[in-house]
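Secondary and tertiary structure notes
What follows is the residue order along each chain.
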Amino acid sequence: MKMRRILEKAYHTLLACTGISSNQLKTDRDRQTDILCGVVGCDASVLIASKPGNTSGLAEKDAHDNKNLPVEAFDSIKKAKALVENKCPGVVSCADILAIAARDFVHLAGGPYYQVGKGRWDGRISMASRVSFNLPRANSSVDELLKLFGSKGLNLEDLVALSGAHTIGFAHCEHFVSRLYDYRGTKKPDPYIEPRFLKALQMSCPPFGGNVDVVAPFDVTTPFSFDHAYYGNLQAKMGLLATDQALFLDPRTRPIVVELGKDKQRFFQAFSAAMEKMGSIGVKRGRKHGEIRKDCSVHS
Ligand code: HEM
């Protein structure tokens, strides 16, 4: 209980005194949320960088699937950690800072301000090889998504609500290009893409030899605001990834898409509840499995 109060105080220092949430972390805010939603578990293992010359395998930060996580996101977390360490050394974990930063990024983009449970410890293990098993793929089926989310204690509604995070941010062509030219080996585009949307995407992403850095917005209508437009887009065949569009095509998830598309407050409620659930996945507590890192990129 005492520890809990110390942590609360540390967060007060973090959020109120340093003004971190609104000032330090706001730069490039919407490009940073992905680091927070893609973590394997909430133990900040994604922040660990591989040691040079390490023969026992790469750390999570260097996994192929994490290669597009922006450097600025890691820098922001580093800055936040330095500020907190200055006030209360050795108390606040990198995992808690990540969870708070995720909430603040969402809120700064116009989304809900939900409660973040605190008291996570940082993980002692960070392995690139664990990443791909735990991340959904852009062409996963709804069955596969449900299985993966289910294995983490997340249900159907959580899947649809959390996917709503794709109301902000961008994806590289590699994640959806096959939908544009050769859908499931048909040599034709995916029929569930709105024709003008398809044309625009084809212009950005040629079938071969395109610039690998090109990205397209997930929410083509309001790409920078955290709202419920994502669900309206799915109903208009303007989902970017196959997994986004599949949520409207599958009869199990379609009613939830329609419901959240009608009501922003309902979406915010469902998103907040699902983020709280997701925020407790893989949480480490105590010295046996965890650590409180001084530098978020290296184990202490
Ligand atoms: C349901 C399964 C999901 C799949 C298949 C998926 C897949 C992807 C892919 C392929 C990208 C683009 C990466 C890139 O090209 O750089 C992406 C970006 C993103 N994802 Fe997801 N994701 C899923 C769920 C989530 C969840 C649960 C969240 C958060 C709660 C989330 C938040 C984001 C954000 C904010 C971005 C944009 C990053 C940026 O602009 O740099 N995604 N996702």
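The structure displayed is predicted, hence computed values, not measured ones. (Residues numbered from 1 in each chain as written. Predicted model: local features only at pLDDT ≥ 70, side-chain atom pairs only at ≥ 80, totals over all residues. Heavy atoms only, no water.)

1. What about the pattern of salt bridges?
In plain terms, the rule: Salt bridge, as used here, is a side-chain nitrogen of Lys or Arg placed within 4 Å of a carboxyl oxygen of Asp or Glu. Secondary structure elements follow DSSP: runs of H or I no shorter than four residues count as helices, runs of E no shorter than two count as strands, and numbering proceeds from the N terminus.
Across all of its chains, the model carries 14 salt bridges by this definition. Its salt-bridge partner being Arg120, residue Asp96 comes within 2.7 Å of it at the nearest N-O pair. Taken as a pair, Asp96 in helix H5 (residues 94-108) and Arg120 in the loop between H5 and strand S1 (122-123) lie far apart in primary sequence, 24 residues in all. Salt-bridge contacts for Asp182 lead to Lys187; the nearest nitrogen and oxygen are separated by 3.9 Å. Through salt bridges with shared partners, a single network forms among Lys81, Glu85 and Lys294.

2. A closer look at the side chain of Asp122
Using the following cut-off: Only protein chains enter the area calculation, which uses a 1.4 Å probe; residues under 20% of their type maximum are buried, those over 50% are exposed, and those in between are partly exposed. Neither His nor the chain ends is counted toward charge; the positive residues are Lys and Arg and the negative residues Asp and Glu. Two N or O atoms count as a polar contact when they lie within 3.5 Å, although within protein this holds only if one can serve as hydrogen donor and the other as acceptor, and sequence-adjacent residues are included solely when both atoms are side-chain atoms.
Within the element layout of this structure, Asp122 appears in strand S1. The side chain of Asp122 is buried and forms no salt bridge, while Arg293, the nearest opposite charge, is found at 4.3 Å. A polar contact is formed between the side chain of Asp122 and the backbone nitrogen of Ala95, at a distance of 2.7 Å. A polar contact is formed between the side chain of Asp122 and the backbone nitrogen of Arg293, at a distance of 3.0 Å.

3. Focus: the packing of aromatic side chains
For clarity, the threshold we go by: Any Phe, Tyr or Trp ring, taking Trp's six-membered ring, that has another such ring centre within 6.5 Å forms a pair; planes under 30 degrees apart are called stacked, those over 60 apart edge-to-face, and the others tilted.
Throughout the structure, instances matching the rule amount to nine aromatic pairs. Residues Phe226 and Phe268 carry aromatic rings whose centres are separated by 6.2 Å and whose planes lie at 50° to one another, so their mutual orientation is tilted. You can see Phe226 sitting in the loop between strand S3 (215-217) and helix H11 (229-235) and its partner Phe268 sitting in helix H14 (residues 264-278), a full 42 residues away along the chain. Given the relative accessible area of 8%, Phe268 is considered buried. When the ring of Tyr230 is compared with that of Tyr231, the centres are 5.0 Å apart and the planes differ by 80°; the resulting orientation is edge-to-face. On the basis of relative accessibility, which here comes to 0%, the residue Tyr231 falls in the buried class.

4. Concerning the state of the cysteines
Let me state the cut-off plainly: Note on terminology: disulfide denotes any pair of cysteine sulfur atoms within 2.5 Å.
Counting across every chain of the model gives two disulfides. Here Cys94 is linked by a disulfide to Cys296, with a sulfur-sulfur distance of 2.1 Å. Across the disulfide from Cys94 to Cys296, rotation about the S-S bond amounts to roughly -95°, and the bridge is consequently left-handed. Linking Cys94 in helix H5 with Cys296 in the segment after strand S4 (290-291), this pair joins segments that are 202 residues apart in sequence. In this pair, the class of Cys94 matches that of Cys296, namely buried. One disulfide in the model links Cys173 with Cys205; its S-S distance is 2.1 Å. Taking the sign of the torsion about the S-S bond as the criterion, the disulfide between Cys173 and Cys205, at about -65°, is left-handed. Of this pair, Cys173 sits in the loop between strand S2 (170-172) and helix H9 (177-181) while Cys205 is found in the loop between helix H10 (195-204) and S3, placing the two residues 32 residues apart along the sequence. The connectivity of the disulfide bonds within the chain can be written as 1-4, 2-3, using the sequence rank of each bonded cysteine.

5. Here we look at helix H13 (residues 254-262)
Residues three or four positions apart in an α-helix share a direction because the helix packs 3.6 residues into each turn. Keep this limit in mind: Directions are taken from the helix axis to each C-beta atom, and the arc is the one they span. The contact definition used throughout considers only heavy atoms, calling two residues in contact when any of these lie within 4.5 Å.
Buried within H13 we find Ile256, Val257 and Leu260. The arc that holds every buried residue of H13, seen down its axis, measures 100°, which confines them to one face. Of the surrounding secondary structure, the elements contacted by the buried residues of H13 are helix H8 (156-163), H11, helix H12 (242-249) and H14.

6. Quick look at the coordination of the iron atom of the ligand
Rule in force here: Shown as donors are all N, O and S atoms within 2.8 Å of a metal ion, widened to 3.2 Å for Na, K and Ca; because water is not in the atom set, sites may appear incomplete.
What the protein offers the iron atom of the ligand as a donor is a single atom, His166 (NE2), at 2.1 Å. In this fold, His166 is placed in the loop between H8 and S2.

7. Examining the UniProt feature "binding site: Ca(2+) 2" (unreviewed entry) in the chain
The test is simple: UniProt positions are given in the numbering used here, feature names are shortened, and annotations may be inferred rather than shown by experiment.
Per the UniProt record, the feature "binding site: Ca(2+) 2" (unreviewed entry) sits at Thr167, Asp219, Thr222 and Asp227. These annotated residues cover 61 residues of sequence, and their C-alpha atoms all fall within 9.6 Å of one another, placing them together at a single site. The residue Thr222 is located in the loop between S3 and H11 in this model. Residue Thr222 is classed as partly exposed on the basis of its relative accessible area of 27%. Side-chain polar atoms of Thr222 contact the side chain of Asp219, separated by 2.7 Å. The topology assignment puts Asp227 in the loop between S3 and H11. In this structure Asp227 comes out as buried when scored by relative accessible area, which is 11%. If sequence neighbours within four positions are ignored, Asp227 has contacts with Thr167, Asp219, Thr222, Lys264, Phe267 and Phe268. Within the local environment of Asp227, its side chain forms a polar contact with the side chain of Thr222, the two groups lying 2.7 Å apart.

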